[in-house]
Amino acid sequence: MEKSPIIAANNNFDSQTSKENGKRTGSYAATNIILNHEFSDGLNSWHPNCCDAFVVPASSEYHKGLTTEEGCCYAVVTNRKECWQGLEQDITSGVSAGSTYTVSACVGASGTFQGSAEVIATLKLVYQNSETSYLFIAKKSASKECWEILEGSFSLSTMPDQVIFYLEGPPSGADLLIKSVMITCPSSTACDRSGTSSVSTDDDNIIVNPQFDDGINSWSGRGCKVASHDSMADGKITPMSGKYFASATERTQTWNGIQQDITGRVKRKLAYEVTAVARIYGNNVTSADLRGTLYVKAADNRERYIGIASVQATDKDWVKLQGKFLINDSPSQVVVFLEGPPPGTDILLNNLVIKHASKAPPSSPPVIEDAAFGVNIVTNTSLNDGTNGWFPLGNCTMSVQTGSPHIMPPMARDSLGAHEPLSGRYILVTKRTQNWMGPAQMITDKVKLYLTYQVSAWVKIGQASGPQSVNVALGVDSQWVNGGQIEISDDRWHEIGGSFRIEKQAAKVMVYIQGPAAGVDLMVAGLQIFPVDRRARFRHLKRQTAKIRKRDVMLKFSGSDSGSLHGTFIRVRQLQNSFPFGSAISRTNMDNEDFNAFFVKNFNWAVFGNELKWYWTEAQQGNFNYKDADELLDFCTKNNIQVRGHCIFWEVVGTVQAWVQSLNKNDLMTAVQNRLTGLLTRYKGKFEHYDVNNEMMHGSFYQDRLGKEIRVNMFKTAHQLDLSPILFVNDYHVEDGSDTRSSPEKYIEHILDLQEHGAPVGGIGIQGHIDTPVGPIVCSALDKLGILGLPIWFTEVDVSSDNEYVRADDLEVMLREAYAHPSVEGIMLWGFWELFMSRPNAHLVNAEGDLNEAGKRYLSLKHEWLSHSHGHIDEQGQFSFSGFHGSYEVEVITVSKKITKKFVVDKGDGALVISIDL
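- In the nomenclature of an unreviewed UniProt entry, the protein is known as Endo-1,4-beta-xylanase A-like isoform X2 of Nicotiana tabacum.

See below:
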C-alpha cells in the first residue's frame, strides 16, 4: 500500500508553520552562522564524525577538573578511533564566496594522553564534480585542566556545493570537549545576502515577483500561456491579496501550468515550506485537484519530479496550497510549477512563497488524567437493562435475545486478563433496509484524546445469500473511523476486533455496528471498548523476548597463563544485534551524507522504495533504468547491508505502467517473462528476498489478464532463475483487523493455494502500515500465520501521529510485538526521514536531521536489545552470561595487560560454550 511513483521521492503534504529557535537569520554584522552554538539544544544541528557525542548539562560534574559558567553546558566527543574524528556542522547556507569569516571556539580535551592535545578547526569543501578538499583554519593546544580559546579565520574564493565546519585533533582515545563555537563575518557589507546573492535568509521568499507586481517577469508557461491580470470574468475574480494575479491558459495536458526556475536559490539539505494562493477557472470545471510540483535535474542529467502539496481547488474562491520539500543534492536545475486540473481549465495564481521552513517545536507527551485502562466505556453492554443506552441507527428494529457466548473474545481476554463471564444476551437487529443500519450508542463524553482503544465483540448474521461484512464503526463528527471488520459466511458467532484513537476534540462520537446487506439480520454480543494499558503489555513482551532472542553463554578461557586467570576482571560488550532491523531507502537519499550515516549506523537491512519496481526500471517499453538500483545496491554492499528485492510485479492495476496495460494477452505474457528474466538474471545472488507479486489480496491485474496460473508461474520462474532468494508474498492490513480482504484467515488460504499449485512461497510479508496498533490484535494475526511454519517479516512498517510521543508509542508496540514473536524473523521500516516517507507524521528524523521522540524511542529499543555484562573469571576459568544473538567483544583485564577477543552468539536451543584462547 504505497504512493504513486511521481510523488514517491517527497510527498509529505503536511506543513509546519511554527517558529524555529536559533535559526540562521539575515545579513547582520557579527551574526553567528553556527546553529546551537552553545549546545543549549543538545546536539541539534551538530553531527559526530564516525564517533559518538553527547552534551553534559550545566549542573553536571562530569569533568571535575573543568569549570564552566553557571548555566553553561558543553559537548563531549568520545569513542574516537582516529585523530580526525570530531564534531561537525554543515554551514553551506551561511557562507558565501569572497567574504572573510572569523572563528572562535572554546575547547578542551580529556583522556589518557600526556601533557596537552591539539584541537584543530577545519573546513571540508565538497565539489560535485571534483575531489573533496580540506581547509585548515586554526589549532590550539588544550590541557585537561582548563578551557582554551581557538581562534582563526577563513575565506572562500569560490563557493563549493557543500561547506562543513568541524573540530578535530586530539589523539585517538581522547575525548574532545567543546563549550561554544562562533563563526562571524565582521563586515556587514561583505556578508550581505540580500539583493542578487544566491543565498537567501530564512525569512526571504526565494520566489521572484511573487505577487506579479512586475507582470509575468520571471514566470513562464509550462506547455501553455501565462498572463497577469487585475481582474477577470467581468470583475468577478479579483486578487485575494495585492493588486494582481496570473493565469495559465490554453492548457492541453494536466501537467501544463505556471512555473518559475528557482535554480541556485534552494540549498541542499534545507527544508523549504511552500504556500500558494490559487484557484481554477473555465471549461465548466467547478472543482479539481491542484498540485505543486518540483522538477529537479541532477548534475548527471537525471530527472525527477517531487510532489510538494495538493489541494482541491474550486472556481468559486481562492484556496491555500501548503507543503514542504527538501533536496539532498546540488541539482543543475530546479523548477517549481502548478499542475493538475483537466485540460482546458485555467490555473490562477495570486501569490507564491517559498522560504526556509521554520522548525516545529517538539511535541509534549499527552496529559491523560484517569485513563482507566481496561474499563469498558460502553453502557449496558451486558443488556441487563434491556436496550437502555442503545438506539437503532436507521429504521430497523432492536430486541434482546439469549444464547450468545459467555466467554470473553480471545483478543480482548489477552488484553484484560481474567474477566467475569459475559451475560449470554445479545442484540438482535431485524428489518434492516440499508447496510449501515444496526445498534448504536453515543460515547462522546467517555472517549479521551490520544488514548488507544481496543474494540471487541461477538457478532453473528442471519440467513444470507453469500459472505457478509460486519464492521464496528465510529462516527466522529462527520468522519467515519474503522473500529474492526470481519467477513462472515456461516451461522456461527465470530470475534470481531479492532482499535481506534481520536487525536482532535470531537463534538459527537457514536459507535455503531453495521455491514451486512439489507434484509440480513445482525446479532451483537458483549461489545467492549476500553483503553489499552500498553506498559503492562510491554512488561509481558520483555519476558517473552528474553526467552526467544537470548541465549545462555559460557566463555571458557585458556592459554599459557590460564591457571592464574581466576578472579580476573572481564567486560563483555555486544557490538551488534544480528536480528534484521531495516528500512526503505531511495536513490535520492544517498546524496545526503547525514541520512547515510544514520542509516548505516542504525540498520542492517535495506529495501528500495521504488527503484526496483517495474514502473521504475522500464517506465517506457524497452527503455531500461537500472542505474538507480545498481547504485543503491553498491552502497548497501559496501556498508555490509543486506537487501530485500521489492518488487518483481505489483498486482494493483493503478501501479501498472500504461504501456503494460495496453498489451494484448500474448504480448503481456512475453513482457512478464522478459521482466522476470531481465531482473532475476541481472541481480542473480544479490537480493536475499523477493516480493514476487505485491498485494495480491488487493489487486488482480495480471491474474485477470493472464489467468490464475500466472501467479504460480511467477514464483516458479523466479525460483528457476535464481535459487538463492526467499520468495515472499506481501500485503497490508493483515495484522490490524481492519480489512476483510486480507484477514489472517484469507491470507493463509491464499498462501496455501499458491503452494498447493507448486509456487515455492518461502516467506510471509506483512507490510505493517498501521494505525493505532494494539498488541494482542497484532499477536493474534502472527499466531494464526505462524502455523504455516514460514518466516514472517514485517516489510513496510510505519505509524503516524502528529504527536511524536504517541507515534513513538505506536512504533514501540509494533517493534516489541514483532521482536517478541518466534515466527518473526525481520522488521523493515518504510523509511524514517521526514519528507521521504509515504505517510505524513510518520518520520523518526526531522527533515534537517534532528531526531524526534519516535527516533529516540527506536534507538532506545535498539540499545535495550544489546547485552552487556562484566564480572570475574571463576576458578574453572569460565564466565557465564545471557545475551541477545549477535556479535560481541570481550575484554580480559589483567594487572599487566588488556586482551580483547571477538565472538558471535548464534541462535540455538541449548547453552553456547565458546572457547577463548588468550
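Further notes follow.
## Comments concerning the overall build of the protein
And step 1. Per the secondary structure count, the protein includes 13 helices and 45 strands.
And step 2. Relative to the 2.2 N^0.38 estimate, which gives 29 Å for 918 residues, the radius of gyration of the protein is 31 Å and therefore close to what a compact globule would have.
And step 3. Considering only C-alpha atoms, the protein reaches an extent of 95 × 90 × 60 Å along its principal axes.
And step 4. Relative to its full complement of 918 residues, the protein shows a buried share of 55%.
And step 5. The long-range fraction of contacts in the protein, counting pairs at least 24 apart against all pairs at least 6 apart in sequence, stands at 78%.
And step 6. Of the roughly 38,200 Å² that the protein leaves accessible, carbon and sulfur atoms contribute 48%.
And step 7. Across the protein, the 85 positively charged side chains and the 103 negatively charged ones have centroids separated by 1 Å.

## Brief notes about the layout of surface pockets
Rolled over the atoms, a probe as big as a water molecule pinpoints where empty space is left.
And step 1. Its boundaries defined by the atoms lining it, the second largest pocket holds a volume of some 910 Å³.
And step 2. For the lining of the second largest pocket, the elements supplying multiple residues, two or more each, are β27 (479-488) and β28 (494-500).
And step 3. Looking at the lining of the second largest pocket element by element, the count peaks at five residues for β27.
And step 4. For the lining of the second largest pocket, the residue count by class is seven nonpolar, 13 polar and eight charged.

## As for the sheet that holds β27
And step 1. Read from one edge of the open sheet, five strands run β21-β24-β29-β26-β27, paired in antiparallel fashion. Of all the strands in the sheet, the pair left with one neighbour each is β21 (391-393) and β27. Taking each pair of neighbouring strands and ignoring which way they run, the sheet shows an average axis angle of 25 degrees.

## Description of the state of the cysteines
Linking two cysteines covalently via their sulfur atoms produces the bond known as a disulfide.
And step 1. As enumerated under the stated definition, the model contains zero disulfides in all.
And step 2. Take C636: it sits in no disulfide, and the sulfur closest to it among the cysteines is that of C647, at 17 Å.

## Here's the deal with a positive patch on the surface
And step 1. A contiguous patch of positive charge, built from R539, K542, R543 and K547, is present on the exposed surface.
And step 2. Here K547 shows up in helix α2 (residues 534-549).
And step 3. Look at K547 and you get exposed, because its relative accessible area is 64%.

## Some words on the sheet that holds strand β32 (residues 569-577)
Pairing between the strands of a sheet is mediated by backbone hydrogen bonds and can be parallel or antiparallel.
And step 1. Ordered in space as β41-β32-β43-β44, the four strands form an open sheet in which the pairing is antiparallel. The strands lining the two open edges of the sheet, one partner per strand, are β41 (868-872) and β44 (898-905). Pairs of neighbouring strands in the sheet enclose a mean axial angle of 20 degrees, with direction left out of account.
And step 2. Direction of pairing for strand β43 (residues 886-893) relative to β44: antiparallel, over a ladder of eight bridges. The residue of β44 that forms the bridge with V890 is K901.

## What to know about the pattern of salt bridges
And step 1. Scanning the model with the defined rule gives 43 salt bridges in all.
And step 2. K627 serves as the salt-bridge partner of D300, at 3.7 Å between the closest nitrogen and oxygen. Of this pair, D300 sits in the loop between β16 (287-297) and β17 (303-314) while K627 sits in helix α5 (residues 627-638), and the two are 327 residues apart along the sequence.
And step 3. A residue is classified by how much of its surface remains accessible, and D300, at 35% relative accessible area, is partly exposed.
And step 4. Judged by its relative accessible area of 39%, K627 falls in the partly exposed class.
And step 5. Three or more residues are tied together by salt bridges with common partners; here these are D300, R302, R587, D591, K627, D628 and E631.

## What to know about unusual backbone geometry
And step 1. Cis geometry is adopted by the peptide bond preceding C647, which originates at H646 and carries an omega value of -10 degrees.
And step 2. Among the secondary structure elements, C647 is positioned in strand β35 (residues 642-650).
And step 3. You will see that D370, though not glycine, has its phi angle at about 55 degrees, which is positive.

Conventions used here
- Residues numbered from 1 in each chain as written.
- Predicted model: local features only at pLDDT ≥ 70, side-chain atom pairs only at ≥ 80, totals over all residues.
- Heavy atoms only, no water.
- Helix = DSSP H or I, 4+ residues; strand = E, 2+ residues; numbered from the N terminus.
- Rg over C-alpha atoms; globule rule 2.2 N^0.38 Å.
- Buried < 20%, exposed > 50% of the residue type's maximum accessible area, 1.4 Å probe, protein only.
- Contact = heavy atoms within 4.5 Å.
- Areas by Shrake-Rupley, 256 points an atom, 1.4 Å probe, with all protein chains shown as cover.
- Lys, Arg positive; Asp, Glu negative; His and termini not counted.
- Charge placed at Lys NZ, Arg CZ, Asp CG, Glu CD.
- 1 Å grid on protein atoms, 1.4 Å probe; cavity = no way out; pocket = protein on both sides within 12 Å on 5 of 7 lines; lining within 4 Å.
- Points joined across faces, edges and corners; volume = space filled by probe spheres on them.
- Nonpolar A, V, L, I, M, F, W, Y, C, P; charged D, E, K, R; others polar.
- Pairing = 2+ DSSP bridges.
- Axes fitted to C-alpha atoms, helices over the stretch in contact; angles between N-to-C directions.
- Disulfide = S-S within 2.5 Å.
- Patch = residues over 30% accessible without salt bridge, like charges linked within 9 Å, V, L, I, M, F, W, Y side chains within 5 Å.
- Salt bridge = Lys/Arg side-chain N within 4 Å of Asp/Glu carboxyl O.

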